[in-house]
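Spelled out from the first residue to the last, the chains are:
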Amino acid sequence: GDSVTQMEGPVTLSEEAFLTINCTYTATGYPSLFWYVQYPGEGLQLLLKATKADDKGSNKGFEATYRKETTSFHLEKGSVQVSDSAVYFCALSGDYKLSFGAGTTVTVRA
Amino acid sequence: EAGVTQSPTHLIKTRGQQATLRCSPISGHTSVYWYQQALGLGLQFLLWYDEGEERNRGNFPPRFSGRQFPNYSSELNVNALELEDSALYLCASSLFRKVHNEQFFGPGTRLTVL
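What comes next is a walk through the structure. (Residues numbered from 1 in each chain as written. Chains lettered and ligands numbered in written order. Predicted model: local features only at pLDDT ≥ 70, side-chain atom pairs only at ≥ 80, totals over all residues. Heavy atoms only, no water.)

If you look at the interface, chain B gives 17 residues, while chain A gives 17 residues. In total, chain B and chain A occlude about 1,600 Å² of area from one another, counting both sides; carbon and sulfur atoms represent 58% of this. At the boundary of chain B and chain A, one finds one salt bridge. Where E102(B) meets K49(A), a salt bridge forms, and the shortest distance between an N and an O atom there is 2.4 Å. Viewed at the interface, chain A and chain B are joined by four residue pairs in polar contact (both at pLDDT 80 or more). (Contact = heavy atoms within 4.5 Å. Buried area = accessible area lost by both parts, 1.4 Å probe. Salt bridge = Lys/Arg side-chain N within 4 Å of Asp/Glu carboxyl O. Polar contact = N/O pair within 3.5 Å; in protein donor to acceptor, adjacent residues only side chain to side chain.)

Rendered as structure tokens:
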């Protein structure tokens, strides 16, 4: 079945540091890939998406590229802020449901 | 445009009771999904409804059930509550015929079973 493996956290960074969160997947067919973010006490917000191989999703300074050859969708941001502190989930769409990674908790210190 | 709404925000029940959670999708969305986010277990798919029908079900016992109403809102019912049902229950909606199945989530209902 479909599955997502996500880099384990927690990750602690200083402001303006570079962030990368690794995500790999196993799926049949050609799934769409997503990154969702969950701020403390809130639900999930869609951060970015990619729907086919080599697509790059981007939003709020975050980027991720759909790599079919390595079955990966790593999330990156060049310069993080304290407000980026949250839990980040990688997900894939298959059979009209989302399969999520375990989530990576990111804390950014001023 | 209003997002996905869920009620109640918090729900406290005791073992053996029943819980009812409600969700209203984004206007125009016909599909509603339910997920459980339990501590240490991550986000697990529970149920998918579209056009009033249950379309898919995750690996949960039958005491987890629900329905979708003609206005596309949905209800999740959990019968015979157990302590391990304590979790954040998230509802999401999407356009069924949208191929890439982008789902939009509500803020969740925090269910605590004592």
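From this point, things continue past the structure.
Next up on the list: the sheet that holds strand 3 (residues 19-24) of chain B. Residue and element names in this part refer to chain B. Here four strands make up an open sheet; going across it, the order is 1-3-8-7 and the pairing antiparallel. The open sheet has two free edges, formed respectively by strand 1 (5-7) and strand 7 (64-68), since each of these has just one partner strand. Adjacent strand axes in the sheet meet at a mean angle of 20 degrees when their direction is disregarded. (Pairing = 2+ DSSP bridges. Helix = DSSP H or I, 4+ residues; strand = E, 2+ residues; numbered from the N terminus. Axes fitted to C-alpha atoms, helices over the stretch in contact; angles between N-to-C directions.)

So, on to the side chain of K77(A). Residue and element names in this part refer to chain A. As for its placement among the helices and strands, K77 is situated in strand 9 (residues 75-77). A distance of 3.5 Å separates a polar atom in the side chain of K77 from the backbone oxygen of K60. Of note is the side chain of K77, whose polar atom sits 2.8 Å from the side chain of D84. Apart from the residues within four sequence positions on either side, K77 is in contact with A17, F18, L19, K60, G61, F62 and D84.

Our next topic: the nonpolar core. Generally speaking, nonpolar side chains in soluble globular proteins are found buried as a group. One finds W35(A), F73(A) and Y88(A) to be the most contacted residues of the largest nonpolar core, which totals 26 residues. Among the elements of the structure, strand 2 (11-14), strand 3 (19-21), strand 4 (23-26), strand 5 (32-38), strand 6 (44-50), strand 8 (62-65), strand 10 (86-94) and strand 12 (104-109) of chain A are those that each provide at least two residues to this core. Here the element with the most residues in this core is strand 10 of chain A; it accounts for four residues. Excluding residues that lie within four positions of it along the chain, F73(A) makes contacts with C23(A), L33(A), F34(A), W35(A), L48(A), K49(A), A50(A), A64(A), T65(A), Y66(A) and C90(A). Core analysis: the second largest hydrophobic core is formed by 22 residues, C23(B), V32(B), L46(B) and Y89(B) among them. (Core = buried A, V, L, I, M, F, W, Y, C linked by side-chain atoms within 4.5 Å. Buried < 20%, exposed > 50% of the residue type's maximum accessible area, 1.4 Å probe, protein only.)

Our next topic: the environment of G43(A). With respect to the element layout, G43(A) can be found in the loop between strand 5 and strand 6. With sequence-adjacent residues up to four places away left out, G43(A) is seen in contact with V37(A), Q38(A), L90(B), G106(B) and P107(B).

Turning our eyes to something else, we now look at the pairing of strand 11 (residues 109-113) of chain B. Successive residues of a regular strand alternate their side chains across the two faces of the sheet. All names here are of chain B. Where burial is concerned, the two faces of strand 11 differ: the one with T109, L111 and V113 is buried and the one with R110 and T112 is not. Where strand 2 (residues 10-13) and strand 11 come together, four bridges link them in parallel fashion. What sits directly across from I12, in strand 11, is T112. Inspection of the sheet shows strand 9 (residues 87-94) paired to strand 11 by three bridges, in the antiparallel sense. By the bridge assignment, L88 is partnered in strand 11 with R110.

Moving on to the state of the cysteines. Taken as a whole and assessed by the stated rule, the structure comprises two disulfides over all chains. A sulfur-sulfur distance of 1.9 Å marks the disulfide that ties C23(A) to C90(A). With the S-S dihedral at roughly -70 degrees, the linkage between C23(A) and C90(A) falls on the left-handed side. Of the two residues, C23(A) sits in strand 4 while C90(A) sits in strand 10, which places them 67 residues apart along the sequence. Per residue, the accessibility class of C23(A) equals that of C90(A), and both read buried. Sulfur-sulfur distance for the disulfide between C23(B) and C91(B) comes to 1.8 Å. (Disulfide = S-S within 2.5 Å.)

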